[in-house]
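# Summary of structural features
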Amino acid sequence: MGERPHTDAEKRRQISMRKLPVIEGVNDLKESFNRHLHYSLVKDRNVATRRDYYLALAHTVKDHLVGKWIRTQQTYYEKDPKRVYYLSLEYYMGRALSNTMINLGMQGECDEALYQMGLEMEELEEVEEDAGLGNGGLGRLAACFLDSLATLGYPAYGYGIRYDYGIFKQAIDDKGNQVELPDDWLKFGNPWEKERPEYMIPIHFYGKIEHDENGKEKWVHPQIVYAMPYDQPIPGYCNNTCNTMRLWSAKSSKEFDLSYFNDGDYIKAVCDRNHAENISRVLYPNDNFFEGKELRLKQEYLMVSATLQDIVRRYKASKYGEKTPTRNGFSHFADKVAIQLNDTHPSLAIPELMRIFIDVEGLSWDEAWKICVDTFGYTNHTLLPEALERWPVSMLEYILPRHLNIIYNINSKHLETVIQKWPGDLDRLRRMSLVEEGHEKKINMAFLCIVGSHAVNGVAALHSQLLKEGMFKDFYELSPEKFQNKTNGVTPRRWLLMCNPGLSDLICEKIGETWITDLFELKKLTQFVDDKSFLHAFMRAKQENKIRLAAHIKSEFKVDVNVNSIFDIQVKRIHEYKRQLMTCFHVIILYNRLKANPNMSFVPRTVMIGGKAAPGYHMAKLIIKLINCVARVVNNDPIIGDKLKFVFLENYRVSFAEKVIPAADLSEQISLAGTEASGTGNMKFMMNGALTIGTLDGANVEMLEEMGKENMFIFGMTVKEVEKLRREGYNPQNYYNSNHELRKALDQIRDNHFSPREHGVFQDIYNSMVYHDRFLLMADFDAYLKCQEQVSETYKSPKKWYTMALMNVASSGKFSSDRTIKQYAEEIWNAKAVSASDMKPVAVK
C-alpha cells in the first residue's frame, strides 16, 4: 500500500508515534482487532456496523492496558504505600478511546492499522458515548485529577456512582426551549469497565437504634441494598501505571419478595426489586441550589458506605493489616489511607467511618475520631450559600438513624471546644453548631466536613481567602491550621495534546515533548514571540480549528459562520451568576448598531453560548430560550449577513468541548467577582490560545498574575467594590436609565421584539434585571461593553492578537492538574509516588 495522505487530525498520531517503544506491530493490531470482531462480538465485515468496529478497537486497546492494570495493583500490594481515595458523586469522564490510546502511546499504530483495513479513526471515535456522570466543573475536575494521579504514579482510587443515566441530553425545540432527553449511555454496554460481583457490599437503610445490655447503641432491623462495583482502568501517560476508578451500582438484596410471589403478585415482587436499584439510576442535575431529596441522600450514603467498607477491607487485607489484625492495627490507618471529599456530597463518610470503627471494629470514640480527622480532607467548591448541603434531621433520623446519633455526638464534642475558646459567646456557639435550629432542624454538612477533616481547601486563591473571611470565618478562627488553597488545574493530555493536535505538534517541533508531563515547559515558547514564521504557524493552527468547528456547526445546527470572524465563546452551565445574559445583551446591542448603520466599520463576530440548565431552574431555561430567539432574528437578517452570528451550542458536553475550545479566539469568564470558586474552562481556553475577557473572579486572578494584564481583557468590579456597592444600596434602575443601548435591548426583550408570537414570555428576565439583578450585571455592563470594544480593536492587528494568544499558552503551566495533585499529595495527603520502573508489564496472552 502506498504512503497514506496526512490530514490535520493525524497530527496527534504523529506525536504518539514518537512516544514509547513500539508496543506491537500494525499487523498484530489488525489481527487482534479481527479476533475481537469475530470472537468477542460474533460479527464479520459483511454485517459489522461502525459500533462493532469501535467496540473491536476498544477491546484491542484495552488488551494492552490490562497487563499494566494488574501489575500496578500487584505493586501496590507488594509495596503497601499510602493510598489516596478520591470520593466524588460526579466524574465527567467523556470518551475513553482516544485518551487511552494517547496515554498508551499507541494511537499512531492504531490509526495506521485502521487505515489499512479501510476504516477511519475519526468515525469510530464519534461512536463512543460520553461518560457524562457529572454536571460540569466539579465532575470534570475529578476526571482530570484521576488522569494526573496515574500520570504522576500516585497509588490512588476514584470512587463514585455508576449512574445508569448520566447528565441529560439537551435538545432545543422549535420555540427555543430546552428539552431534556435521557442519557442512556450504557445502552450498548461499556467496553472499558469490569464488573466485580465478588466485592459486592451490603448497605443498610432505615431500621432503628436499640441499646444492648452494656448501653451500647446498635443499629437493628435495617433494610439492605447491595452495592455492586464496576472497575474502569485509568492509565497514566506513557508510564506503566494504571489506577482504578470504582463506581458502585445499586442491586436488590433479593431477587423477589416471596410473600408477594406466593400471593400471585409477580409484578409487585419484581417492581420492589427495581425500587432498590433506582438508587443508582440517574445523576441529579445540579443548579447550585440544594434540595434535600431522599433519593439523593441514599445515593450519597450508598457511595460512601460501600467505599469505606471497601477501603477498610483493603487495609485489613494488606500486609500491614494482616500482621496487626487487632483493633490497635487501626492506629496506623491514617498512615496508609488518605480520603479526599470532593465537596460535601460524600460528607456522610465521616459518620460512616466512625460507625465502622466503633460498631464493627470495636474502637473507642476518641481512638476512632482521631483516625477520622487524620484521614479526611475536604474540598469546598462553592461560595453560594444556597448550594451548601443541609440535610433535614427528620430525614436522617428516618433513613440513617445511627449516623444522626453519631453526628449529634460529634457536634456535642465540637461545641465543647468552641465554649473552651470563647466562653459565654452564645451567638458564636449557635453559628458554629452543626445542627441548625429553625422551623426545621438541619445538619450543615460543610461544617461537618470541616470539623471531621484535618485539611480544608478552596480551589483558587481568591476563593480560599473568601472562605476564611466569610462563609467559614468562625471555623478559620478556631482552626486556622486546617485551611489551605489548592488552585484547580486541567490535564494537558486531554485538553491540549488530544483535542488540539495542530498546536500540540507545533509545540513539540519547537520545544520537544516534556511539556506533556511538565506544563511549565511551555514557558519556552516565549522565545518565539517575535518569530514571524512561528506566529504564522500558530495562527494557521487556530484557523484550521475554526474551520473544523464551523463545518460542525453547519452540519449540526444549519448555521453558516464566518471563519474570519472573532469566535467569541461562553460555554458552561447556564446559571445567573455566570451571567450569560451579559453576552446576550452584547449581541443585541451589536445587532442594533448594525441595523442602524449597516456600513459601519465592524469587526465580524460569531458569538457562541453553550451549556445545560438544570430542569427545575426556570430562569436558566428562560435564558436559553432568549439566546435562541435572539439568534433566530440575528442569523436570518440579510442586512447583518456574516458580520454577526449568534449560535447556541446545543447539548454541550466533554466531546463537544474538545472541538469548541481549540477553535476559540475569545473566552468569556464574566461571573460577578466573588461568586465563581475557580473555573476550569478558563484554563482550557488559555492553554489553547484563546484570550480571556473576564472579571477578577476565581482563577482569573491567578491567570492574570501568570500572563500579565497586557495579555488579558479585564473589566468590572473587584470583590471589595461589589461589597461596597451592596452596602451602599444597589439600584439596577440607575444603570438601566443611564445606558441607552442597554435600556433599548431590555425594552426589546420586554416588548417581544425577539418573541413576536409569544407575548410576555421574557417579562421575568426584564423584571429580574431592572428590579432585582442579584448578580449586579447592570453595574458591570458598561465596563464590559467598553472592554469588548477593546477586544475588537485588538483583533484588527493579527500580530498583536496572536502574540497575546501565544503568551496565554506559554503562561498556562500553573494550571495543569499535575501541579494541583502534587500539592495535594505533599501538603494534605502526605502520599508518595510509586516509581513506574517497579511496575514491569504483565505479558498479554
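Nothing here was measured: the structure is a model prediction, and the numbers come from that model. (Residues numbered from 1 in each chain as written. Predicted model: local features only at pLDDT ≥ 70, side-chain atom pairs only at ≥ 80, totals over all residues. Heavy atoms only, no water.)

### Let's talk about the packing of aromatic side chains
This structure, assessed with the given rule, holds 34 aromatic pairs. Taking 4.9 Å as the distance between ring centres and 25° as the angle between the ring planes, the aromatic pair formed by Phe-528 and Phe-534 counts as stacked. You'll find Phe-528 and Phe-534 in the same group, each marked buried. For the ring pair Tyr-577 and Phe-775, a centre distance of 6.3 Å and an interplane angle of 55° mean the geometry is tilted. Here Phe-775 lies in the loop between helix 32 (763–772) and helix 33 (777–795) and Tyr-577 lies in the loop between strand 20 (566–571) and helix 24 (580–596), a separation of 198 residues in the sequence. Using a relative accessible area of 4% as the deciding quantity, one classes Tyr-577 as buried. Take Phe-775: its relative accessible area is 7%, and that puts it in the buried class. Through pairs of rings, three or more aromatic residues link up here, namely Tyr-85, Tyr-157, Tyr-159 and Trp-248. Its guanidinium or amino end placed over the ring of Phe-205, Lys-298 lies 6.0 Å from that ring's centre, counting from NZ or CZ. (Phe/Tyr/Trp six-rings, centres within 6.5 Å; stacked < 30°, edge-to-face > 60°. Buried < 20%, exposed > 50% of the residue type's maximum accessible area, 1.4 Å probe, protein only. Helix = DSSP H or I, 4+ residues; strand = E, 2+ residues; numbered from the N terminus. Lys NZ or Arg CZ within 6 Å of the ring centre and 35° of its normal.)

### A look at the environment of Gln-232
On the secondary structure map, Gln-232 appears in strand 11 (residues 223–235). Look at Gln-232 and you get buried, because its relative accessible area is 12%. Residues Gln-232 and Lys-251 lie 19 residues apart in sequence; the distance between their C-alpha atoms is 19 Å. With near-sequence residues (within four places) excluded, Gln-232 lies in contact with Trp-69, Ala-96, Asn-190, Trp-192, Asn-243, Thr-244 and Met-245. For Gln-232, the side chain forms a polar contact with the side chain of Asn-190, separated by 3.5 Å. (Contact = heavy atoms within 4.5 Å. Polar contact = N/O pair within 3.5 Å; in protein donor to acceptor, adjacent residues only side chain to side chain.)

### Side note on the sheet that holds strand 15 (residues 390–392)
Strand order across the open sheet formed by three strands is 15-17-16, with antiparallel pairing between neighbours. The open sheet has two free edges, formed respectively by strand 15 and strand 16 (435–436), since each of these has just one partner strand. Bridging between strand 15 and strand 17 (residues 442–444) involves three bridges; their strand directions are antiparallel. In the sheet register, Arg-390 faces strand 17, and the bridge partner there is Asn-444. (Pairing = 2+ DSSP bridges.)

### Quick notes on the nonpolar core
Formed by 257 residues in total, the largest nonpolar core has its most connected members in Phe-333, Trp-515, Leu-525 and Trp-829. Looking at which element gives the most residues to this core, the answer is helix 25 (residues 618–635), with 11 residues. A domain-level breakdown of this core finds at least three residues from each of domain 2 (80–94 + 130–488) and domain 3 (492–727 + 780–815). The residues touching Leu-525, leaving out its near neighbours within four places in the chain, are Ile-507, Ile-511, Phe-534, Leu-806, Val-809 and Ala-810. Ranked by size, the runner-up nonpolar core spans 29 residues in total, among them Tyr-54, Ala-96, Met-101 and Met-117. (Core = buried A, V, L, I, M, F, W, Y, C linked by side-chain atoms within 4.5 Å. Domains from an automatic or database assignment.)

### A word on the UniProt feature "modified residue: N6-(pyridoxal phosphate)lysine" (unreviewed entry) in the protein
Per the UniProt annotation, the sites labelled "modified residue: N6-(pyridoxal phosphate)lysine" (unreviewed entry) are Lys-684. Ignoring sequence-local partners within four residues, the contact set of Lys-684 consists of Arg-140, Val-490, Trp-495 and Ile-661. (UniProt positions renumbered as here; feature names shortened; annotations may be inferred.)

### A short note on the environment of Met-619
Residue placement: Met-619 occurs in helix 25. Taking relative accessible area as the criterion, Met-619 reaches 11% and is therefore assigned buried. When the C-alpha positions of Met-619 and Ile-419 are compared, they lie 44 Å apart, and in sequence the two are 200 residues distant. Beyond its immediate sequence surroundings of up to four residues, Met-619 is in contact with Glu-576, Asp-764, Ile-765 and Ser-768.

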